[in-house]
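Below are the chains, spelled out letter by letter.
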Amino acid sequence: MPDHPPTDPPLALELLVHGVAGAAPADLLGDPRTVRVTGDSTAAVFRRADDADAEDHPERYAGRPVPEAYCWSRLTSGNGARALWLLLLPFMVVNLAHWARPAQSATDPAPRTVRTYGVLVRVVALSLTVLLIAAACEVSLDLVAWQCAGSATCTGSHSWLGFLAPGAGWWAQPGRRLALGALVPAALTCLLWYLADRTWSAYESQPPPAGTADPDIASDTAPALGRPGFWYGRRIVARLRAAHTAAGLLTVAVAVAVPTVRHDRRADAPALEALGWSLQALLAAAALAVAWVVCRRGRSEDRPDHRLDRAARTLLPASALALLAAVLLYACWSRPGWTSTGRLPGDFAFGVLMLGQGLCVLALAGVARSLQRRAPDRSVALGGLGGPAVAMLGCALGGVMSGGVAQRVADWLDGAATPGTPGAPLPGPPVLLSWQAAVLPPLLLVLALLAAWFTVRGGRARRRLAESVADEYPGETPDRDRSRRIAGARTAAALTDSAPWFVAAVSGVTLVLGAGALAGAWFSGEVPGEAARGLPVLETAARGAQDAGSWLVGFGFVLFVAWGRRAYRDPAARRTIGILWDVGTFWPRAAHPFAPPCYAERAVPDLTWRMAGWTERTGGRLVISGHSQGSVLAAAAVWQLPPPVRRRVALLTYGSPLARLYGRWFPAYFGPGPLAALHQELDCWRNLWRATDPIGGPALPGPHGTALSAVDRGPLPDPIAYGRSALYPLPAPILGHADYQADPAFAAERDALLALLDTAARTGVPGQRPADGSAGTATGSTGTATGPPGTSATGPAGLSKEPRAPGGPPGTAG
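All values reported here derive from a predicted model rather than from experimental measurement.

Enquirer: What is the right way to read unusual backbone geometry from this model?
Expert: Most of the time, phi is negative for any residue but glycine, and the peptide bond is trans. Backbone torsion omega between Gly714 and Pro715 reads 0 degrees, so that peptide bond is classified as cis. Mapping Pro715 onto the fold places it in strand β8 (residues 712-716). That bond from Asp718 to Pro719 is cis: its omega, 0 degrees, falls within 30 degrees of zero. Looking at the element boundaries, Pro719 is found in the loop between β8 and α26 (744-763).

Enquirer: Please explain the pairing of strand β5 (residues 621-627) as it appears in this structure.
Expert: Two faces belong to every sheet, and in a regular strand the side chains alternate between them. With seven of seven residues buried, β5 is to be regarded as a mostly interior element. Residues Arg621, Val623, Ser625 and His627 point to one face of β5 and Leu622, Ile624 and Gly626 to the other, with burial holding for every one of them. Two elements, strand β1 (residues 12-17) and β5, share six bridges in a ladder whose sense is parallel. Counted as the bridge partner of Glu14 is Val623 from β5. With six bridges connecting them, β5 and strand β6 (residues 649-654) associate as parallel partners. Bridge pairing in β6 places Gly626 opposite Thr653.

Enquirer: Explain the sheet that holds strand β4 (residues 66-71) here, please?
Expert: Backbone hydrogen bonds are what pair the strands of a sheet, in a parallel or an antiparallel way. Within the open sheet, the eight strands sit side by side as β2-β3-β4-β1-β5-β6-β7-β8. Their pairing is mixed. Taken across any chain shown, the strands that pair with only one partner, and hence form the sheet edges, are β2 (34-39) and β8. On average, adjacent strands in this sheet sit at an angle of 20 degrees to one another, irrespective of strand direction. Sitting on the sheet, helix α21 (residues 629-640) is in contact with β1, β5 and β6, with an inclination near 140 degrees to β5.

Enquirer: Sorry if this is basic, but what is going on with the packing of aromatic side chains here?
Expert: In total, this model carries 26 aromatic pairs according to the counting rule given. Relative to Tyr722, the ring of Tyr473 lies with its centre 5.4 Å away and its plane at 40 degrees, an arrangement referred to as tilted. Highlighted residues: Tyr473 in the loop between α14 (440-469) and α15 (480-494) and Tyr722 in the loop between β8 and α26, separated in sequence by 249 residues. Each of the two residues, Tyr473 as well as Tyr722, counts as buried. Ring geometry for Phe586 against Tyr599: centres 6.4 Å apart, planes inclined by 65 degrees, an arrangement best described as edge-to-face. In this pair, Phe586 is assigned in the loop between α19 (571-584) and α20 (600-618) and Tyr599 in the loop between α19 and α20, connecting sequence segments 13 residues apart. Of the two residues examined, Phe586 and Tyr599, each falls in the buried class. Taken together, Trp72, Trp99, Phe230, Trp231, Phe586, Trp587, Tyr599, Trp639, Tyr662, Phe666, Tyr669 and Phe670 form an aromatic cluster joined through their ring pairs. Geometry around Tyr330 places Arg335 over its ring, the cationic atom sitting 4.9 Å from the centre. The aromatic ring of Tyr740 is capped on one face by Arg690, whose charged end is 3.9 Å from the ring centroid.

Cut-offs applied
Residues numbered from 1 in each chain as written. Predicted model: local features only at pLDDT ≥ 70, side-chain atom pairs only at ≥ 80, totals over all residues. Heavy atoms only, no water. Helix = DSSP H or I, 4+ residues; strand = E, 2+ residues; numbered from the N terminus. Buried < 20%, exposed > 50% of the residue type's maximum accessible area, 1.4 Å probe, protein only. Pairing = 2+ DSSP bridges. Axes fitted to C-alpha atoms, helices over the stretch in contact; angles between N-to-C directions. Contact = heavy atoms within 4.5 Å. Phe/Tyr/Trp six-rings, centres within 6.5 Å; stacked < 30°, edge-to-face > 60°. Lys NZ or Arg CZ within 6 Å of the ring centre and 35° of its normal.

Have a look at this one:
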């Protein structure tokens, strides 16, 4: 029974959810005096102090809802440790590739193809973990412990390495130096495991609300976001975390074992050689076990999975750690005649990683195209190849970051010389990393040309649009500058729709140039400048690209570190970086367990529990109101509600990227089919958007594929007035993505949604759309709901009963 008896009219609640960059409770509620209703210091629900006891005095709120705000920004920009998440950027990007697959066909779902897509993404993600640890091994084992410590010139200029110099003592033998250097990448692996374990306990272990845990509610045909296990990735993250931790430890073990076994084979030491081969066989068997765990079936979204693979979670990393310890002991065995020369065998390892990533991305593209052909959707980004393109970006980021660290450390150890060139004291990092750096200038040139083309095209569109802006405001005197500013805002907002071109360009050029860099490194065995020696034009171009690429990689690495350091100390900078996490960490860690944690696995259960608990306790009506990224959280939370609760809830979204961004890039979860299903299950839904908004847009396609539907109201006028008038004596600002609540349409649509919920509660019959699909009410539903006070038979003032045609109200051109 509810704690408070239902009132007439029932109490109404407006639950506000902010977007990226966050907002203070006082700003959301418009009152400096706020109190926390429920939640903790990380994410909580707030009310105005005057509304804290609203349930005890419902008579105060006749005709208006009780506002409360859910603030979740500290989930992504809370403490200074969030700055360390910058190091996990490639992992986050490749995790997005898992969710960017095309939608399945209703008639031919092809479950094996979908599973193959997931397996390929998880394999690419595993390769990035190996690449990161291999880069750490390159720095610690090859550059420091092998090359610099084995050179009297290098140790002479770096006194802190004197105890490793040849003839200096017990640590002077190469095997012992390698064992000591292996502690750095091993510690990095353990740090990643620790961070993933902490966030796993805080994020992935949030249970779904009561009622959604019943597997009979969900079905295979239900949208994935509405299934009870979607936001409960406890088992898959634990399993992947164990596998990736083991892979990192095995990578370190292999980096130490291979040169040690090679020396024993040349030194004619049969006993040590046999021990080394036995350890390598065990390492190979452990690697196969890791691959098997990663390739197993992924997430189970049909029901919350409370089980854990205890063997995989504990035995796999423990075995890898034991093997690493055995390898380090084996390497520390006395080998008096061993000296370190040249490089460790890293060229082949980095080349195999790069080749494997390229092949996996190409296979992923083939699988994605197969799914896209089964369920064609013209609105999908890159024709269904968004996932492979994003995976390619993740691999490129991983390569640039790993190569940048190795290049900078080599330059630091080598002094004024250039590693890898004749006369340099140190051989330097693998030549493949130099080839990778050399492809950066051509890549940036392509991006600059593409940006210039879009700039020119945007300038032409702005001039054409500026000629008609003033005509949208009858009676206004045309102002050229004002028209240009409005047209410029709309043109800039439209550039968001061109983002797939940039992603396609970066991914395609990276794939082609990366293949060329791999071929050049393998066939020449030299850095680009030396490989082109004797060819006047090519040599100049190769040296220029190599030097510029090395400088760019170094500058990017320094900028990256400086940005992270500033974010660690400055909360304002941390909030700016938090915007990146707001967008990139919405999705669960289905592919990479070391990616920044999915805040939605905390936020969505928070919102779902709040809506379910409040409506059950009070019997009232609720409108969840989400702006920008908050609208995505709101829609995901509504999807998770049990059907009886969903009939008491309305959804109001504004500035929403549901269809414009999420629908294009993640069609299997936010495409036209899932959003239409949400509209069927939640009839009380309205979406506000502006043509000047670079993020928000229509949520559902209308009849015959148009952008107008019963859900969408827009584009809203922006600015609200063209020039000065008695009503607007000062120039009206161009709001773009901000201040939707200041628009009169916001209050009108919210009141109409509450009125419809009130009518449904009185009659016991939820609103239904007319058979012809037209919008019968403000929410696209039929019925004879009596609107709030002050409204006419056609609805509240300014409330659009029918979708507006383009060219109608001010601010709709373009």
